[in-house]
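Next come the chains, spelled out residue by residue.
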Amino acid sequence: MKLKIAIQKSGRLHDDSMKLLHECGIHIHNGMNRLKAEAEDFPMEVLFLRDDDIPQYVEDAVADIGIVGENVMHEKAKSVDLVEKLGFSKCRLSLAIPREQDWNGMQSLRDKRIATSYPRILQNFLNKNKIRAEIHEISGSVEIAPGIGLADAICDLVSSGSTLLSNGLKEVHPVLQSEAVLIAHEALELPKAELLRQLIFRINAVRKARNNKYILLNAPNEKLEAIINILPGMKSPTVLPLAEKGWSSVHSVVTEHDFWQIIEKLKANGAQGILVVPIEKMII
Ligand code: PRT
Ligand code: ZN
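Residues numbered from 1 in each chain as written. Chains lettered and ligands numbered in written order. Predicted model: local features only at pLDDT ≥ 70, side-chain atom pairs only at ≥ 80, totals over all residues. Heavy atoms only, no water.

Student: How should the coordination of the zinc ion (ligand 2) be read in this particular structure?
Tutor: A metal bound by six donors in octahedral fashion has ideal angles of 90 or 180 degrees, whereas one bound by four tetrahedral donors has an ideal angle of 109.5 degrees. Protein ligation of the zinc ion (ligand 2) involves D51 (OD) and D52 (OD), the donor distances falling in the range 2.0 to 2.1 Å. Each of the four donor atoms around the zinc ion (ligand 2) contributes to a set of angles spanning 74 to 170 degrees, which defines the coordination as irregular. According to the relative accessible area criterion, D52 is partly exposed, its value standing at 26%. (Donors = N, O, S within 2.8 Å, 3.2 Å for Na, K, Ca; no water. Tetrahedral: all angles 85-135°; square planar, octahedral: opposite > 155°, others 65-115°. Buried < 20%, exposed > 50% of the residue type's maximum accessible area, 1.4 Å probe, protein only.)

What follows is the structure, encoded as structure tokens:
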């Protein structure tokens, strides 16, 4: 029994998807241009597909699980479970108009032509906002549509915004925030559901580790209490005596998010020799 996972064959999702599996201890030898590959050390088979096809394959149980952008998952609207957000390939689907045009809120789109590769998501968004507009579905290079007179506005994926900028467009309203997600067939049979549970457990350990750092520092004993209060730790920090009298070594785990603030406070409270090291896996 193998868990079949669908992964983008090539493109923006491919490398990070493979890296995530690798960090989960699942190693895949993909012969060049193969459509299928097997994992060495986990009962898993990998199918390499176009991202647009992945939701359908998962719905049909050709693949048990898959990794796609939320944008594709919502646009395809297949019956699949969203199992886990994966934190990479972040972008947003946004509305944009020519730079020189005024934007007076959503009303500005009334009866306008909007070019997009995401007609379903856009139509739902317009319905929710009670705006009637004409949707032009085009499959690529959406950003050139206003310039060639094909549309008044576009609804497209944005990450840095430089594509919009270089096409004389400005982003005016977000429609959907997106990142890579793990999707699964709705009714996985038991042995596969158990393999999926193991995979999710590993993914969580890898993602938590990425968001945390292990920190070691030296502190004079009279400052220990203040320093321990600054450090959150998983339970409480580890405190070990140093060879030098009156000093201790303190070890703890801090999140990436409030990392710099914590370092500042530690320094202000007399911490010295602060070392910060990445964590490979984190299981709590
Ligand atoms: O061949 P296949 O169908 O598998 O791939 P694809 O060409 O359809 O998709 P691909 O590889 O381009 O993108 C896969 C997924 O990556 C998308 O579905 C999104 O979930 C995610 N993603 C993240 C992005 C971007 N960021 C992104 N910036 N997908 C596309 N873009 C494009 C966008 O369409 C625009 O043309 O990049 C341009 C904008 O980028 P900025 O940085 O200039 O704003
Ligand atoms: Zn695609």
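Student: Is there a simple way to explain the domain arrangement of the protein in this structure?
Tutor: Think of interface size as the accessible area that goes away when the parts come together; that is how it is often given. Partitioning the protein into domains gives domain 1 (3-89 + 179-209), domain 2 (91-178) and domain 3 (212-278). Centre-to-centre, using C-alpha coordinates, domain 1 lies 38 Å away from domain 3. (Domains from an automatic or database assignment.)

Student: Could you clarify how one ought to interpret helix 8 (residues 259-268) in this entry?
Tutor: Residue pairs spaced three or four apart in an α-helix point in one direction, given the helix's 3.6 residues per turn. Listed in full, the buried residues belonging to helix 8 are F259, I262, I263 and L266. Taken down its axis, helix 8 places every buried residue within 100 degrees of arc, on the same side. Across helix 8 from its buried face, at more than 90 degrees, point the exposed residues W260, Q261 and A268. Its buried side turned inward, helix 8 meets strand 12 (212-220), helix 7 (224-230), strand 14 (247-255) and strand 15 (272-278). (Helix = DSSP H or I, 4+ residues; strand = E, 2+ residues; numbered from the N terminus. Arc of directions from axis to C-beta. Contact = heavy atoms within 4.5 Å.)

Student: Help me understand the packing of helix 1 (residues 14-23) against helix 6 (residues 190-210), please; the structure alone is not making it clear to me.
Tutor: The angle between the axes and the distance between the axes are what describe a pair of packed helices. Following both chains from N to C, one finds helix 1 and helix 6 inclined at 100 degrees, their axes separated by 9 Å at the closest point. As the angle between them shows, helix 1 and helix 6 are arranged roughly perpendicular. Where helix 1 abuts helix 6, its residues L20, L21 and E23 lie against L199, I203, V206 and R210. When its residues are assigned to classes, the contact of helix 1 with helix 6 shows five nonpolar, no polar and two charged. (Axes fitted to C-alpha atoms, helices over the stretch in contact; angles between N-to-C directions. Parallel < 35°, antiparallel > 145°, perpendicular 65-115°, else oblique. Nonpolar A, V, L, I, M, F, W, Y, C, P; charged D, E, K, R; others polar.)

Student: Which parts of the structure should I look at to understand the packing of aromatic side chains?
Tutor: Two descriptors summarise a pair of aromatic rings, namely the distance from one centre to the other and the angle between the planes of the rings. Inspection of every chain in the model, using the stated rule, returns one aromatic pair. Taking the centre distance of 4.9 Å and the plane angle of 75 degrees together, the rings of F259 and W260 count as edge-to-face. (Phe/Tyr/Trp six-rings, centres within 6.5 Å; stacked < 30°, edge-to-face > 60°.)

Student: How do you make sense of the sheet that holds strand 12 when you look at a structure like this?
Tutor: Working definition: the strands of a sheet are paired by backbone hydrogen bonds and lie parallel or antiparallel to each other. The four strands lie next to each other as 13-14-12-15, forming an open sheet whose pairing is antiparallel. Either end of the sheet is taken by a strand with one partner, and the two such strands are strand 13 (238-241) and strand 15. Mean inter-strand twist for the sheet, computed between neighbouring axes without regard to direction, equals 20 degrees. Inspection of the sheet shows strand 12 paired to strand 15 by five bridges, in the antiparallel sense. Note on strand 15: the bridge partner recorded for L216 is L275. Sheet strands touched by helix 8: strand 12, strand 14 and strand 15. Its angle to strand 15, the strand with the most contacts, is close to 160 degrees. (Pairing = 2+ DSSP bridges.)

Student: Mind showing me how you'd approach the environment of E186 here?
Tutor: Among the secondary structure elements, E186 is positioned in the loop between strand 11 (180-185) and helix 6. E186 sits in the partly exposed class, given a relative accessible area of 48%. Spatially, the C-alpha atoms of E186 and D64 are 8.9 Å apart, while their sequence positions differ by 122 residues. In contact with E186, other than residues within four places in its own chain, are S79, V80 and D81.

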